[in-house]
Amino acid sequence: MKNLLFILSILVCISCEEVVTVDLDTAAPRLVIDASINWKKGTSGNVQTIKLTTTAGYYDNVIPKVSGATVSVKNSSNTVFDFIEEERSGKYTCNNFNPTIGENYTLTVIHNGQTYTAQEKLMATPSIKDVEQQNDLGLNSDEIGIKVNFIDNAPGENNFSLFRFKTTVNAFPEYETYDDQFTQGNVNSWLYSNKDLKKGSEMNFTLYGISETYYNYMSILLSNSRGGAFQPPPIKVKGNIINQNNKDNYALGYFRLSEIDTYDYIVR
């Protein structure tokens, strides 16, 4: 009897580990435009890249690249910056872009007879002042946290920012949005902590100046990605890119232009 129960328990464990593949409905591929212009403080910002892909099925391991498109960005003076594809990679690069704070730019992507456009302003970013390390966070006061201090760049104006936290203890970057409505003109802070941070962990902080519309867009995306037991189901979030031929055949993604500031840190 004991042997029979042992065998049954093994069979139950094996059945629990069986991989179950669920048949999912897959929508037709949709163009994805990653048009993020980042101008790092202290650089010319002349080299910029826009990536084109399409959506893929849930179980697909490869993200399809989009080749053969025409990609350009125009400023308010009608100066056109052409983005040329690099060897059918889906990456389109411009080597003579001219970033200007407060300038309005228009993106144009032509692909498969469809013209996609978007308009956005290049936003200034606050400057990262310094970081402070705290070693007494968490329930047991043994978790490390890093406080990033930054200076509000335009007192009296409501500005929006995006934080990117990249560490060697996490495979993917983490993002947070920030609204300075109640902290204008101050030295502001953002605290990052992770239970796996330890001495020698490498970190990179990037602070982006963003528009209010992109702030709203990213806030919804981040809310969808975090989920939770009581979270409403994810919704499809449209960016600011419009198909001028057929609005129903819209592209996913967002045209964003940001001045950025970065700070590298090694945990002590």
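Residues numbered from 1 in each chain as written. Predicted model: local features only at pLDDT ≥ 70, side-chain atom pairs only at ≥ 80, totals over all residues. Heavy atoms only, no water.

Student: How should I be thinking about the nonpolar core in this particular structure?
Tutor: Most often, soluble globular proteins have nonpolar side chains that are buried together. I33, L52 and F83 are the most contacted members of the largest nonpolar core, which has 26 residues in total. For this core, the leading source of residues is strand β1 (residues 31-40), giving five residues. For F83, the residues in contact, after removing those within four places along its chain, are I37, Q48, T49, I50, V71, S72, V73, Y92, T93, C94 and F97. By size, the runner-up hydrophobic cluster in this structure holds 16 residues, among which are I128, F150, F163 and V267. (Core = buried A, V, L, I, M, F, W, Y, C linked by side-chain atoms within 4.5 Å. Buried < 20%, exposed > 50% of the residue type's maximum accessible area, 1.4 Å probe, protein only. Helix = DSSP H or I, 4+ residues; strand = E, 2+ residues; numbered from the N terminus. Contact = heavy atoms within 4.5 Å.)

Student: Could you clarify how one ought to interpret the pairing of strand β6 (residues 104-111) in this entry?
Tutor: Across a regular strand the side chains alternate sides, sitting on one face of the sheet and then on the other. Inspection of the sheet shows strand β3 (residues 70-75) paired to β6 by six bridges, in the antiparallel sense. The residue of β6 that forms the bridge with T70 is I110. Pairing analysis gives eight bridges linking β6 to strand β7 (residues 114-123), with the strands arranged antiparallel. When the bridges of β7 are listed, Y105 appears paired with E120. In this antiparallel pair of consecutive strands, β6 and β7, the connection spans two residues, and N112 shows a positive phi of 55°. (Pairing = 2+ DSSP bridges.)

Student: Is there a simple way to think about the packing of aromatic side chains in this case?
Tutor: Centre distance and the angle of the planes are the two values used to describe a pair of aromatic rings. Inspection of the entire model under this criterion finds 15 aromatic pairs. With centroids separated by 4.9 Å and ring planes inclined at 55°, the aromatic side chains of F81 and F97 adopt a geometry described as tilted. Separated by 16 residues along the polypeptide, F81 in strand β4 (residues 80-85) and F97 in the loop between β5 (91-94) and β6 bring together distant segments of the chain. We note that F81, like F97, is buried. (Phe/Tyr/Trp six-rings, centres within 6.5 Å; stacked < 30°, edge-to-face > 60°.)

Student: Explanation requested: the sheet that holds strand β12 (residues 187-193) in the structure shown.
Tutor: The pairing of strands in a sheet comes from backbone hydrogen bonds and takes either a parallel or an antiparallel form. Taken in spatial order, the three strands line up as β8-β9-β12 in an open sheet, and their pairing is antiparallel. Looking at strand neighbours, the two that pair on one side only are β8 (127-137) and β12, the edges of this open sheet. In this sheet, adjacent strand axes meet at a mean angle of 25° when their direction is disregarded. Where strand β9 (residues 143-151) and β12 come together, seven bridges link them in antiparallel fashion. When the bridges of β12 are listed, V148 appears paired with W190. (Axes fitted to C-alpha atoms, helices over the stretch in contact; angles between N-to-C directions.)

Student: Looking at this structure, how should I read unusual backbone geometry?
Tutor: Among all residues save glycine, negative phi is the norm, and among peptide bonds the norm is trans. A positive phi angle, close to 50°, is found at E87, a residue other than glycine. E87 sits in the exposed class, given a relative accessible area of 79%. Non-glycine residue N112 carries a positive phi angle of around 55°. Its location among the elements puts N112 in the loop between β6 and β7. The exposure class of N112 is exposed, given its relative accessible area of 67%.

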